[in-house]
Amino acid sequence: MDYKKTLPTLIVILLYIPLTFMAVNVFFTQDFDNFYDDCFLPGRAVPQILEENPEKEILEKCNEEERTKFENEKKTYNGYKYLFIVSLALVTILASILIKNNEPIVLGLFLGAVITTFISTLRYLDTRSKLGFVVLLGIFILTLYFLNKNSSYWKK
């Protein structure tokens, strides 16, 4: 492959992927890295719980409920992040189909979107986003269309 075509393609790929993930971090700023036990007994500071204390069961149940709520909120939030990434990739693949006469840029956009989709799918697989799956299916269909449309480029 000619370096005059390969270099612009690599530049577009190497800029597209971090651009997409940076956009996610800019637009989705909520922090779900840590879970803090929020439960306490009404009217008291957080007590030292002894093993034989009956209040311990109440606090443990409350903390488990809070943890479940936290995990569900985190999963939903990550689902929105995933949907954002794959939607951006879908738009990029559509753009790469519509751009004419600039193979290195078209190929860079296409490969950048495909690689980003793959990485984000691995990263956010546990979100089980139904809408994300529909968009991913659209990306797959458009990828097949793109590869078929540009089959002469791959045969060079």
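Nothing here was measured: the structure is a model prediction, and the numbers come from that model. (Residues numbered from 1 in each chain as written. Predicted model: local features only at pLDDT ≥ 70, side-chain atom pairs only at ≥ 80, totals over all residues. Heavy atoms only, no water.)

Draft legend 1. Representation of helix α1 (residues 3-27). With 25 residues, α1 extends 36 Å from end C-alpha to end C-alpha; this agrees with the ideal 36 Å at 1.5 Å per step. The complete set of buried residues in α1 reads Thr9, Val12, Ile13, Tyr16, Ile17, Thr20, Ala23 and Val24. (Helix = DSSP H or I, 4+ residues; strand = E, 2+ residues; numbered from the N terminus. Expected span 1.5 Å × (residues − 1). Buried < 20%, exposed > 50% of the residue type's maximum accessible area, 1.4 Å probe, protein only.)

Draft legend 2. Local environment of the nonpolar core. Grouped together as the largest cluster of nonpolar side chains are 23 residues, with contacts concentrated most on Ile93 and Ile139. Of all the secondary structure elements, the ones that give two or more residues to this core are α1, α2 (55-98), α3 (103-123) and α4 (130-149). Apart from the residues within four sequence positions on either side, isoleucine 139 is in contact with Val86, Ala89, Leu90, Ile93 and Thr117. (Core = buried A, V, L, I, M, F, W, Y, C linked by side-chain atoms within 4.5 Å. Contact = heavy atoms within 4.5 Å.)

Draft legend 3. Quick look at the layout of surface pockets. Approximately 220 Å³ is the volume attributed to the largest pocket. Ile99, Asn101, Glu103, Val106 and Asn150 are the residues nearest the centre of the largest pocket, which is lined by 14 residues in total. When grouped by side-chain class, the residues that make up the lining of the largest pocket number six nonpolar, five polar and three charged. (1 Å grid on protein atoms, 1.4 Å probe; cavity = no way out; pocket = protein on both sides within 12 Å on 5 of 7 lines; lining within 4 Å. Points joined across faces, edges and corners; volume = space filled by probe spheres on them. Nonpolar A, V, L, I, M, F, W, Y, C, P; charged D, E, K, R; others polar.)

Draft legend 4. A look at the packing of aromatic side chains. For the coordinates displayed, the defined rule picks out five aromatic pairs. Ring plane angle 15 degrees and centroid distance 3.9 Å describe the contact between phenylalanine 110 and phenylalanine 146, whose orientation is recorded as stacked. Of this pair, phenylalanine 110 sits in helix α3 while phenylalanine 146 sits in helix α4, and the two are 36 residues apart along the sequence. We classify phenylalanine 146 as buried; its relative accessible area is 1%. Following the ring pairs from residue to residue traces out a cluster consisting of Phe27, Phe28, Tyr77 and Phe84. (Phe/Tyr/Trp six-rings, centres within 6.5 Å; stacked < 30°, edge-to-face > 60°.)

Draft legend 5. Summary view of α4. The terminal C-alpha atoms of α4 lie 29 Å apart, and with 20 residues this matches the ideal 28 Å at 1.5 Å per residue to within 8%. If you check which residues of α4 are buried, you get Gly132, Val135, Ile139, Leu142, Thr143 and Phe146. On an axial view of α4, the arc spanned by its buried residues comes to 115 degrees, and they lie on one face. Opposite the packed face of α4, turned more than 90 degrees from it, sit the exposed residues Lys130, Phe133, Val134, Ile141 and Asn148. (Arc of directions from axis to C-beta.)

Draft legend 6. Just unusual backbone geometry, in detail. In this model, arginine 128 sits at a positive phi of 55 degrees, which is unusual for a non-glycine residue. Mapped onto the fold, arginine 128 is located in the loop between α3 and α4.

Draft legend 7. Molecular detail of the packing of α3 against α4. It is the contact of α3 with α4, at a shortest axis distance of 12 Å, that shows an interaxial angle of 150 degrees. On the basis of the axis angle, α3 is roughly antiparallel to α4. The two elements α3 and α4 meet at a crossing, and its hand is left-handed. Across the interface between the two elements, Val106, Phe110, Val114, Thr117 and Thr121 of α3 pack against Leu136, Ile139, Thr143, Phe146 and Leu147 of α4. (Axes fitted to C-alpha atoms, helices over the stretch in contact; angles between N-to-C directions. Parallel < 35°, antiparallel > 145°, perpendicular 65-115°, else oblique. Left-handed = near helix turned anticlockwise from the far one by under 90°.)

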